[in-house]
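The residues making up each chain are set out below.
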Amino acid sequence: MRSKQLRIASSQTRTRGKTLLFAVACGLIFIRPAIGAPQAGGVPAAGPKVRMVRSVAGTKGETRGGNYVLLDPRTTFYMPDDRQVIVYFEWEAAKGTHHCEGSLKGPNGQLAVMSSFDYPATQTKFGGFWTIPLLENTSAGIWTFESRVDGESAGELRFEIVSAKRPADAVKEELLPTPAEIYARAVAASASIEKLDGRGQPIGTGSGFFLEDGLLVTSFRVIDGAQTLRIGLSDGSHVQCTEVVAWNRRQDWAILRLVAAKSAKLRKADSASVTVGDHCYWLDKKTDGGRVISDGQIVGKEAHEGWGERFSISGLFNGAAIGGPVFNERGEVLGLLGGALPESFVRFALRDSQSYGSGGGIFTMASSVVPAGLIHSDVNAGQTPLQTLWTAGLFTAPVTAERRVSFGMITQGKPQKGKGPLSREMKVDFTRQDEIATITVAFQGIDAWKDTVQLRIYDVDNRILSNGNPVKLSLRSGETQERIWSFPLTPMHPGIYRADVLVGDAVAWRDYFRVRD
């Protein structure tokens, strides 16, 4: 973030015997580039080449994390209580140098001031603000500030100036909380969630937050595969939970009820108010368990049929932060971290030893957010045991026997006797014309062991499509043996699939693949 005072512009206009004198300071805002946001600046030849992202007015502003934030956004200003009006615009246009200008019109349509600057845009999003002093002879009424970029109208903002002291019964504007205040509220209302297997051993961690008394919101993936959940509250206490109030596996959210919880609670924002370009905050989690606040922008919104809406934010977060809150500038919850779609597991070849991978440490999740508007529950609803979700096939068994595998991959084709070894080129994106895929897994004997191995294929809704017969395997200490499974692609519908290789009843290797027409 860089800001630059460009110039002081002034003009005098006589109207109805009054002289209107304004000194307008212009500020140039370089919006911090968004991770994963479009970097190209091409625009269509026809139609508007500039789009206003947002405009807002207030009296106090500051720079936060590469964004200019108005601390008291409003549209009514009182003289002499208020000394200035700050108007801020954000635009989206092609990269390159843009000529930006602002014109201010008084209540009777008179032009009070005009100011301009050239902006060297290195990103497709940029912003500018103007500071307008309120003087003794400023006319009361409705004022209009219009912005133009490259001669093209780029949005306008109207505000009212009242020549009177602020009335005692006027609604007091709520100052935007500082990042420190948002952090304090978030930590007080957040919880760590540890999922335990049937032996009480931890198999994954995540986060959650309270929206109502006793109702803890989290990502479905945080609870997926658990027999029991151990909840760590902000006061240092722990409670266990084996039931869920509401959930949606595809939308990736779940709600737990903790009867004894006395934690703070957060307020949900109106999801319809979320706009691409909005400043936002989220709680990340360090490897030592501590929480830190991060900030960025909403850089995308999209709806996926059958899966619900998702927001994208300009930043990444640790896997242990999944299920945690995302806030707007008012400290209201926009959504929760998570919501990765099945395609993302193929596209980025993610591995997660906690629940969705074949080994390794905590990974960094793509910057996806589940909107708070999708999360809903009847406060009087009963609770459903986690075991019921297991029985219904909604839970995904965690990868717990990865130590038995040294290597695994999916390839195209089928090995044939007398024609040399199968290609060792990994492939996870197939068409049905590829006909056959093969999975090769190398099992290792860290110690001598004897068990059965088998392959299972699942669809995105966790339904078993193929359940191979168990094959006996015996390894001596230090020995490695490969097993190969081939399966047809032609009968598969286009979509995302999961392949699990089991040793006994435990998942030892996992990968995702796509099938297209």
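These numbers come from a predicted model, not from an experiment.

(A) Representation of the sheet that holds strand β30 (residues 405-412) within the structure. Read across the sheet, three strands follow the order β30-β32-β36 without closing on themselves; strand pairing throughout is antiparallel. Sheet topology places β30 and β36 (480-488) at the edges, where each strand pairs with a single neighbour. The sheet shows a mean angle of 15° between the axes of neighbouring strands, direction not considered. Strand direction decides the pairing type here: strand β32 (residues 436-444) and β36, joined by nine bridges, are antiparallel. Of the residues in β36, the one forming a bridge with T438 is S486.

(B) Just the pattern of salt bridges, in detail. One pass over the full model with this rule turns up 24 salt bridges. Here R404 and D447 are joined by a salt bridge, their closest N and O atoms 3.0 Å apart. Within this pair, whereas R404 is found in the loop between α4 (386-391) and β30, its partner D447 is found in the loop between β32 and β33 (449-458), the two being separated by 43 residues in sequence. Of the charged contacts in the structure, one is a salt bridge between D517 and R432, with a shortest N-O distance of 2.8 Å. Taken together, the residues span a long stretch of sequence, with D517 in the segment after β38 (506-516) and R432 in the loop between β31 (429-431) and β32 at a distance of 85 residues. The network of salt bridges with shared partners includes K60, D72, R74 and D82.

(C) Here's a closer look at the side chain of D278. With respect to the helices, strands and loops of the structure, D278 is situated in the loop between β20 (253-257) and β21 (279-285). R54 provides the closest opposite charge to the buried, unpaired D278, separated from it by 4.4 Å. Side-chain polar atoms of D278 contact the backbone nitrogen of T275, separated by 2.9 Å. Leaving out residues up to four positions away in the same chain, D278 has contacts with R54, S273, G296, Q297 and I298.

(D) Spatial organisation of the pairing of strand β17 (residues 238-241). Two strands pair when backbone bridges link them, and strand β16 (residues 228-232) and β17 are joined in this way by four bridges, in the antiparallel orientation. Bridge pairing in β17 places L229 opposite C241.

(E) Expanded view of the confidence of the model for the protein chain. Per-chain confidence: the protein chain averages 82 in pLDDT, with 83% of residues scoring 70 or above. Counting contacts from residues 1-24, a segment whose pLDDT is below 50, to residues more than four positions away or on other chains yields 67 contacts. In this model residues 348-366 is a low-confidence stretch, pLDDT under 50, and it forms 57 contacts with partners more than four residues away in sequence or in other chains.

(F) Structural view of the packing of aromatic side chains. Using the criterion set out here, one finds 17 aromatic pairs in the structure. Relative to W130, the ring of F117 has its centre 5.8 Å away and its plane inclined at 40°; by these criteria the two rings are tilted. Of this pair, F117 sits in strand β9 (residues 111-121) while W130 sits in strand β10 (residues 125-133), and the two are 13 residues apart along the sequence. The residues F117 and W130 share a single accessibility class, namely buried. A ring pair is formed by W390 and F395, whose centres lie 5.4 Å apart and whose planes are at 90°; its orientation type is edge-to-face. Joined through ring pairs, the aromatic side chains of F89, W91, F117, Y119, F126, W130 and F145 make up one cluster. We note R498 situated over the ring of Y458; from NZ or CZ to the ring centre the distance is 4.0 Å.

(G) Looking closely at the nonpolar core. With 33 residues, the main nonpolar core has L216, L229, I231, I313 and L337 as its most contacted residues. When contributions to this core are tallied by element, the ones reaching two or more residues are β13 (190-196), α2 (220-223), β16, β20, β21, β23 (308-313), β26 (333-337) and α4. Per element, the largest residue contribution to this core is three residues, and it comes from α2. The residues contacting L216, other than those within four sequence positions of it, are A191, I193, G208, F209, F210, I231, A254, I255, L256 and L258.

Reading guide: rules and limits
- Residues numbered from 1 in each chain as written.
- Predicted model: local features only at pLDDT ≥ 70, side-chain atom pairs only at ≥ 80, totals over all residues.
- Heavy atoms only, no water.
- Pairing = 2+ DSSP bridges.
- Helix = DSSP H or I, 4+ residues; strand = E, 2+ residues; numbered from the N terminus.
- Axes fitted to C-alpha atoms, helices over the stretch in contact; angles between N-to-C directions.
- Salt bridge = Lys/Arg side-chain N within 4 Å of Asp/Glu carboxyl O.
- Buried < 20%, exposed > 50% of the residue type's maximum accessible area, 1.4 Å probe, protein only.
- Lys, Arg positive; Asp, Glu negative; His and termini not counted.
- Polar contact = N/O pair within 3.5 Å; in protein donor to acceptor, adjacent residues only side chain to side chain.
- Contact = heavy atoms within 4.5 Å.
- pLDDT = per-residue confidence, 0-100.
- Phe/Tyr/Trp six-rings, centres within 6.5 Å; stacked < 30°, edge-to-face > 60°.
- Lys NZ or Arg CZ within 6 Å of the ring centre and 35° of its normal.
- Core = buried A, V, L, I, M, F, W, Y, C linked by side-chain atoms within 4.5 Å.

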